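As a plain string of letters, each chain reads:
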Amino acid sequence: MNLVVVGTGYVGLVSGVCLAAKGHHVTCIDVNPKIVEMLNQCKPHIYERDLPELLTDVINSGNFVATTDLFTALSDTDLVLVAVGTPSENGVIDLSYIKNVSKSIGDYMRTNDHPLAVVIKSTVVPGTTDTVVKQEIELASAMKFPEFGLGMNPEFLREGEAIQDFMEPDRIVLGYEDERTLKLLEELYEPWSCDKVRVNTRTAELIKYANNALLATQISAINEIANVAAAIGGIDTMDVVNGVTLDKRWNPIINGKRANPEILTYLIPGCGFGGSCFPKDVQALRSLGVAQGLDMHLLNSVLDINDAQPIEVVNILERHLGDLTGKHVLILGLAFKPDTDDVRESASLKIINRLSKHGVSISAHDPIAIDNFREKIGDVSAVEYVIEWEEHVASADIVIIATKWAEYASLAGMNTKGKVVFDARRMFEPSIFVDSKYFSIGLNLA
Ligand code: NAD
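Residues numbered from 1 in each chain as written. Predicted model: local features only at pLDDT ≥ 70, side-chain atom pairs only at ≥ 80, totals over all residues. Heavy atoms only, no water.

Time to look at a nonpolar patch on the surface. Together, Ile225, Val240, Val244 and Trp250 make up a nonpolar patch on the protein surface, roughly 300 Å² of accessible area in all. Summarising the element assignment, Val240 is placed in helix 10 (residues 237-244). (Patch = residues over 30% accessible without salt bridge, like charges linked within 9 Å, V, L, I, M, F, W, Y side chains within 5 Å. Areas by Shrake-Rupley, 256 points an atom, 1.4 Å probe, with all protein chains shown as cover. Salt bridge = Lys/Arg side-chain N within 4 Å of Asp/Glu carboxyl O. Helix = DSSP H or I, 4+ residues; strand = E, 2+ residues; numbered from the N terminus.)

The structure is reproduced here in structure tokens:
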């Protein structure tokens, strides 16, 4: 089928390319002409594994094109997916991009008398599609729902695994307000055989938030337990986690073997969650609850714990080393997680900001996120960005692993004698660094 995807960020571009790879004819729209030009030259403007190859394939097959011309693209489709950003403004999502696109689509429908099915793919709080989006389109199009269609199809892809997540999803949520839109969504996802959840749009919206809020809650819960373990002393929280997760409710035994579900990776203590989704989505759900007159005790705590967790790295260093003035710190990892260049809400931002107030000199490395990080953090004079991190280990007093990039595993074979190694992501077994001072979150064996 022909479809239009508006917004070519992580979600819009990956969705568009993957849908084109499954045989649909996709036109991706972006307001940024530079992005459009790059895409049509098979060059993604974001880093995502396998994306350049897949983009090249779908462009060569004639199934994918990018343009800034929304109206021309809409004239050839019945279905439009909206994947523009919904950034956070003081913990509340900014719907201005969604409103702008809804208005433009409504304008198109009015001038062309062509009612479309509009499906929101961006993450929006429950009640957005069937109120805000609907009203914007009705106002601009002079049509009344259900003359046009409305749907909500949340995206669960993880940056770094985005192509695989889109191609092999755990489930697809088909939120709809009218049967025509459901039919189009069924046709769109016909090539996928996973579980499909058919619900109204506000349920679809809450499924996305509930999913992220529960995952974030698990991370903050283990971090709080890790901080308690560290305060008591004599405990390695990973031993606690291993003991807990032998409970078969966490880790079932199937055909005599442990299932080791991925949820267990959310129980590793560390310097907190970041990225464009967890912090923003948990804040937005909290704000929505507060606006409904609820106290939102749990999500408040999840966010408070997470805000403090990167600073815990600096606190632990100070507790053990005293004054940090004059130390040389090598920070390994600037992206919020490995395999992405996304630095939004990355723990390294907070760690570096705090360390730079302590009179330390900082060398910072990331395989792909240095430019984004530099742009985000601005000029912090204490920071020197390095390309070959291995060359800077010898001169560092403290090495902090802040992002679990696979290449940092080679630190284990390097000479770190007498240095402090702060493994803020639990990448290594503590016993590896016998000659060093090894620190981590939730580990205080002294
Ligand atoms: P992004 O900021 O990377 O990309 C948004 C794109 O939309 C930009 O390229 C921008 O130029 C374009 N845009 C803005 N206004 C436009 C308009 N009027 N017409 C055409 N293009 C326009 O955003 P993203 O990370 O892809 O996220 C998009 C949505 O998906 C958000 O709601 C986000 O919360 C959600 N989401 C993101 C992820 C993720 O991993 N990044 C995962 C799931 C859901």
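It is worth spelling out helix 8 (residues 179-188) at this point. A turn of α-helix holds 3.6 residues, and therefore any two residues three or four places apart point the same way. Buried within helix 8 we find Thr181, Leu182, Leu184, Leu185 and Leu188. Down the axis of helix 8, the smallest arc covering the buried residues is 165 degrees, so these residues share one side. Of the residues in helix 8, the exposed ones pointing more than 90 degrees away from the buried face are Glu179 and Lys183. (Buried < 20%, exposed > 50% of the residue type's maximum accessible area, 1.4 Å probe, protein only. Arc of directions from axis to C-beta.)

Moving on: the pairing of strand 10 (residues 195-199). In terms of strand pairing, strand 9 (residues 171-176) meets strand 10 through 5 bridges, oriented parallel. By the bridge assignment for strand 10, Ile172 is matched with Lys196. Remark: the strand 9/helix 8/strand 10 crossover connection has right-handed handedness. (Pairing = 2+ DSSP bridges. Right-handed = clockwise from strand over helix to strand, strands pointing away.)

In the structure shown here, the tally under the stated rule is 11 aromatic pairs. Through a chain of ring-to-ring contacts, three or more aromatic side chains come together here, namely Phe166, Tyr189 and Trp192. Here the guanidinium or amino end of Lys22 rests over the ring plane of Trp192, the centre of that ring lying 5.1 Å away. (Phe/Tyr/Trp six-rings, centres within 6.5 Å; stacked < 30°, edge-to-face > 60°. Lys NZ or Arg CZ within 6 Å of the ring centre and 35° of its normal.)

Before going further, it helps to examine the sheet that holds strand 8 (residues 149-152). Pairing is mixed in the open sheet, where 8 strands are placed in the order 3-2-1-4-7-8-9-10. Of all the strands in the sheet, just strand 3 (64-67) and strand 10 have a single pairing partner and so form its edges. Ignoring strand direction, the axes of neighbouring strands in this sheet form an average angle of 20 degrees. Summarising the sheet, strand 4 (residues 79-82) and strand 7 (residues 117-120) pair through 4 bridges and their orientation is parallel. Note that in strand 7 the partner of Val80 across the bridge is Val118. The sheet strands contacting helix 8 are strand 1 (2-6), strand 4, strand 7, strand 8, strand 9 and strand 10, and the helix crosses strand 9 at an angle near 160 degrees. Against the sheet, helix 9 (residues 201-232) makes contact with strand 8, strand 9 and strand 10, and its axis sits at roughly 145 degrees relative to strand 9, the strand it touches most. (Axes fitted to C-alpha atoms, helices over the stretch in contact; angles between N-to-C directions. Contact = heavy atoms within 4.5 Å.)

Here we come to the pattern of salt bridges. Considering all chains together, one arrives at 17 salt bridges under this definition. Salt-bridge contacts for Glu161 lead to Arg49; the nearest nitrogen and oxygen are separated by 3.5 Å. Linking Glu161 in the loop between strand 8 and helix 7 (162-167) with Arg49 in the loop between helix 2 (33-40) and helix 3 (51-60), this pair joins segments that are 112 residues apart in sequence. Here Arg49 falls in the partly exposed class, since its relative accessible area comes to 35%. Linked through salt bridges whose partners overlap, the residues forming this network are Arg49, Glu161 and Asp339.

Looking now at the domain arrangement of the protein. Domain assignment breaks the protein into domain 1 (2-199) and domain 2 (237-444). Computed from C-alpha atoms alone, the centre-to-centre distance between domain 1 and domain 2 is 33 Å. With 16 residues of domain 1 at the interface, the matching set in domain 2 holds 16 residues. Summing the contributions of domain 1 and of domain 2, the shared interface buries around 1400 Å²; its carbon and sulfur component is 48%. When the buried area of domain 1 at its contact with domain 2 is split by residue, Tyr47, Gly91 and Glu159 rank highest and sum to 39% of it. Summed over the shared surface of domain 1 and domain 2, the number is 3 salt bridges. Linking Arg344 and Glu159 is a salt bridge whose minimum nitrogen-to-oxygen distance equals 3.8 Å. (Domains from an automatic or database assignment. Buried area = accessible area lost by both parts, 1.4 Å probe.)

Quick look at the state of the cysteines now. Summed over all chains, the structure comprises 0 disulfides. No disulfide involves Cys42; its sulfur sits 13 Å from that of Cys28, the nearest cysteine. Free cysteine: Cys277, not disulfide-bonded; nearest cysteine sulfur from Cys18 at 16 Å. (Disulfide = S-S within 2.5 Å.)

This part is about the site of the ligand. Not every one of the 26 residues close to the ligand is listed here, only the nearest: Asp30, Thr86, Thr123, Glu159 and Lys280. Take Asp30: an N or O atom from its side chain is 2.6 Å from an oxygen atom of the ligand. Within the backbone of Val31, an N or O atom sits 3.4 Å from a nitrogen atom of the ligand. Alone, the ligand offers 830 Å² of accessible surface; in the complex the protein occludes 86% of this. Among the secondary structure elements, those contributing two or more residues to the shell around the ligand are helix 1 (10-21) and helix 5 (96-112). For the shell around the ligand, a count of residues per class yields 12 nonpolar, 8 polar and 6 charged. Domain assignment of the residues forming the shell around the ligand places at least three in each of domain 1 (2-199) and domain 2 (237-444). (Near = heavy atom within 4 Å. Polar contact = N/O pair within 3.5 Å; in protein donor to acceptor, adjacent residues only side chain to side chain. Nonpolar A, V, L, I, M, F, W, Y, C, P; charged D, E, K, R; others polar.)

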